[in-house]
Amino acid sequence: MALGKTIGLSDIINARGTFTPLGVSRSHVEVQAAVAKALGAYVLIEGMQEAVSAHLVEFSGAEAGTVVHCAAAAVTLAVAACMTMENADAVARLPDADGLARRVLLPACHNVNYGQPIEQAVRLAGGQPNLVGTKAEWDLADLGHALSHDDICCLLLVSSRLTGGNGPDMAAAVALAKDRNIPVIIDGAAQDMRVRQLVSTGADLVILSGQKYLAGPTAGLVVGSRAAVTAVRAQEKGIGRGMKASKEAIAGTIAALEIRANLDIETWQIDQTRKLERFIHEVRGLPGVETFSQPDPTGLPFARVVLELAPEFDAGKVIHHLQSFDPPIFVMDHMVRSNKLVLEITSLREDELDYVTMRLKGLLTQRPDRVLRIDY
Ligand SMILES: *Cc1c(COP(=O)(O)O)cnc(C)c1O
């Protein structure tokens, strides 16, 4: 039985991407089995952390890795690690950061909100966010200027579709901070497919969500230099206690990393492209819709589908109606002002896409009164 039905809810069709309020992702059966098995066993957590670290090293090319509760927790713990390193007294004292370098440089363009403002994740550790540049842009000169403070804990960068504005090449920003011996953290929560690129910037810590495209259970993966990862683990005896990874999360993460290691990305991309083209072909016949594909804006290796509605249709109303079907359909709504719906279909099955096509067809042809701009 579908999960939703067992607790009196309908399962949903998620064409919105790895969106936390919609359940983020669907795990392979191997991952589900690994989680179930861990739940029925006593295990040495330390041994599990060592095992997952070996997998993370293989996966990312970094020196070391660890798992915490989620990526948001990882941001807090990475900042804490840069503040305390392995100083047990400082670890025990956080978020009281008196006497520690606590200024966290964060480009204003990277000051994202993924459900919580990232600044708050910094402040939870005792860090003090210091925005660099403006919402519209920042450059290496802005960063160089900010780096002249003497109480800097780290530079925090975000690699995400949530960032805006224009900034320098990430590797150049990392290099500038490293020149001044300032540690660098990159929050790349949904960027697991680009992890090696992020690690190769030279950042000390790179953060990923285990449950986004990796499709594991909820987990924050932290990879980086051995010293920095050790300092993250040191937080287990401090503020990290409430942000720890469960045994089932670590077991599921290992299973998800094994699946990823065996994934032939080229074949996966070919399958994705075929699915996308078929869907576009189906939807293209609908009246009043221009359909095209658009590369993922953050450089992930797949495209989205954009449906541009004719002016007489109201994208907001279409989105509302899609969500009111049973099962409901969720699409991206960030381009609704330009009368566009955006769909990320990587995790959808063909039968689910057929259902989406059927519902769109119904809305745009049979019941125009529900989706036209004019109110009847
Ligand atoms: C999703 C996301 C997070 C939070 O990830 P969780 O694992 O849900 O805590 C943090 N940062 C960015 C950029 C994200 O996209």
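Scoring rules and cut-offs
- Residues numbered from 1 in each chain as written.
- Predicted model: local features only at pLDDT ≥ 70, side-chain atom pairs only at ≥ 80, totals over all residues.
- Heavy atoms only, no water.
- UniProt positions renumbered as here; feature names shortened; annotations may be inferred.
- Helix = DSSP H or I, 4+ residues; strand = E, 2+ residues; numbered from the N terminus.
- Rg over C-alpha atoms; globule rule 2.2 N^0.38 Å.
- Buried < 20%, exposed > 50% of the residue type's maximum accessible area, 1.4 Å probe, protein only.
- Contact = heavy atoms within 4.5 Å.
- Areas by Shrake-Rupley, 256 points an atom, 1.4 Å probe, with all protein chains shown as cover.
- Lys, Arg positive; Asp, Glu negative; His and termini not counted.
- Charge placed at Lys NZ, Arg CZ, Asp CG, Glu CD.
- Near = heavy atom within 4 Å.
- Polar contact = N/O pair within 3.5 Å; in protein donor to acceptor, adjacent residues only side chain to side chain.
- Nonpolar A, V, L, I, M, F, W, Y, C, P; charged D, E, K, R; others polar.
- Expected span 1.5 Å × (residues − 1).
- Arc of directions from axis to C-beta.
- Phe/Tyr/Trp six-rings, centres within 6.5 Å; stacked < 30°, edge-to-face > 60°.

Where an unreviewed UniProt entry is consulted, the protein chain appears under the name PLP-dependent transferase, with the organism given as Paracoccus methylovorus. Turning to the protein chain, the UniProt record has this under Subunit (unreviewed entry): "Homotetramer." The protein chain has a UniProt comment under Cofactor (unreviewed entry) that states "pyridoxal 5'-phosphate".

Student: Describe the overall build of the protein chain, and please don't skip the residues or the numbers.
Tutor: On a plain count of helices and strands, the protein chain comes out with 15 helices and 12 strands. Relative to the globule expectation of 21 Å for 376 residues, the C-alpha radius of gyration of the protein chain, 22 Å, shows essentially globular dimensions. Over its C-alpha atoms, taken along the principal directions, the protein chain stretches across nearly 65 × 50 × 35 Å. Each of the 376 residues in the protein chain was classed as buried or not, and the buried ones make up 51%. Look at the contacts in the protein chain between residues 6 or more apart in sequence, and 71% of them connect residues 24 or more apart. Total accessible area on the protein chain stands at roughly 17500 Å², and carbon and sulfur atoms take up 53% of it. Each charge sign in the protein chain was given a centre, from 36 positive and 43 negative side chains, and these centres are 4 Å apart.

Student: Tell me what's going on with the UniProt feature "domain: Aromatic amino acid beta-eliminating lyase/threonine aldolase" (unreviewed entry) in the protein chain, and back it up with residues and numbers.
Tutor: The residues that UniProt annotates with the feature "domain: Aromatic amino acid beta-eliminating lyase/threonine aldolase" (unreviewed entry) are residues 109–262. End-to-end, the C-alpha atoms of residues 109–262 are 36 Å apart, and along that stretch the chain is 34% helix and 17% strand.

Student: Tell me about the site of the ligand, and name the residues and values.
Tutor: Every residue close to the ligand is listed here: Thr20, Cys70, Ala71, Ala72, Tyr114, Val158, Ser160, Asp187, Ala189, Ser209, Gln211 and Lys212. One of the side-chain nitrogen or oxygen atoms of Gln211 is found 2.9 Å away from an oxygen atom of the ligand. Taking 390 Å² as the accessible area of the ligand by itself, protein coverage stands at 91%. Grouping the constituent residues of the shell around the ligand by class yields six nonpolar, four polar and two charged.

Student: Requested: an account of the environment of Thr134, with residues and values cited.
Tutor: Looking at the element boundaries, Thr134 is found in the loop between strand S4 (128–132) and helix H7 (140–146). Residue classification places Thr134 among the partly exposed residues on the basis of a relative accessible area of 42%. A C-alpha to C-alpha distance of 5.3 Å links Thr134 and Ala108, two positions 26 residues apart in sequence. Apart from residues no more than four positions distant in its own chain, Thr134 is found in contact with Ala108 and Cys109. Here the side chain of Thr134 touches Ala136 through a polar contact of 3.1 Å, landing on its backbone nitrogen.

Student: So what's going on with helix H12 (residues 265–284)? Residues and values would help.
Tutor: The first and last C-alpha atoms of H12 sit 28 Å apart over 20 residues, in line with the 28 Å expected at 1.5 Å per residue. Looking at H12, one finds that the buried residues are Trp268, Gln272, Lys275, Leu276, Phe279, Ile280 and Val283. When H12 is viewed along its axis, its buried side chains cluster within an angular range of 135° and face the same direction. H12 presents Glu266, Arg274, Glu277 and His281 as exposed residues on the side facing more than 90 degrees away from its buried surface.

Student: So what about the packing of aromatic side chains? Which residues, and what values?
Tutor: Under the counting rule described, the total for this entry stands at two aromatic pairs. Geometrically, the ring pair formed by Tyr213 and Phe302 is tilted, given 5.4 Å between the ring centres and 50° between the ring planes. Here Phe302 lies in the loop between strand S9 (289–295) and strand S10 (303–309) and Tyr213 lies in the loop between strand S7 (205–209) and strand S8 (220–224), a separation of 89 residues in the sequence. Given a relative accessible area of 13%, Tyr213 falls into the buried group. Take Phe302: its relative accessible area is 7%, and that puts it in the buried class. Each ring, one from Trp268 and one from Phe302, has its centre 6.1 Å from the other, and the planes form 75°; the classification is edge-to-face. Placement of Trp268 in helix H12 and of Phe302 in the loop between S9 and S10 is noted, with a sequence separation of 34 residues between them.

Student: Can you break down helix H11 (residues 247–261) residue by residue, with the values?
Tutor: Taking 1.5 Å as the rise per residue, H11 with 15 residues should run 21 Å; its terminal C-alpha atoms sit 21 Å apart, in good agreement. Those residues of H11 that are buried lie in contact with helix H2 (29–39), helix H3 (45–60), strand S2 (64–68) and S8.

Student: Go over the side chain of Gln211 with me, naming the residues and quoting the values.
Tutor: Tracing the sequence through the fold places Gln211 in the loop between S7 and S8. A distance of 3.2 Å separates a polar side-chain atom of Gln211 from the backbone nitrogen of Ala219. Those residues in contact with Gln211, other than ones at most four positions away along the chain, are Val24, Ser25, Gly216, Pro217, Thr218 and Ala219.

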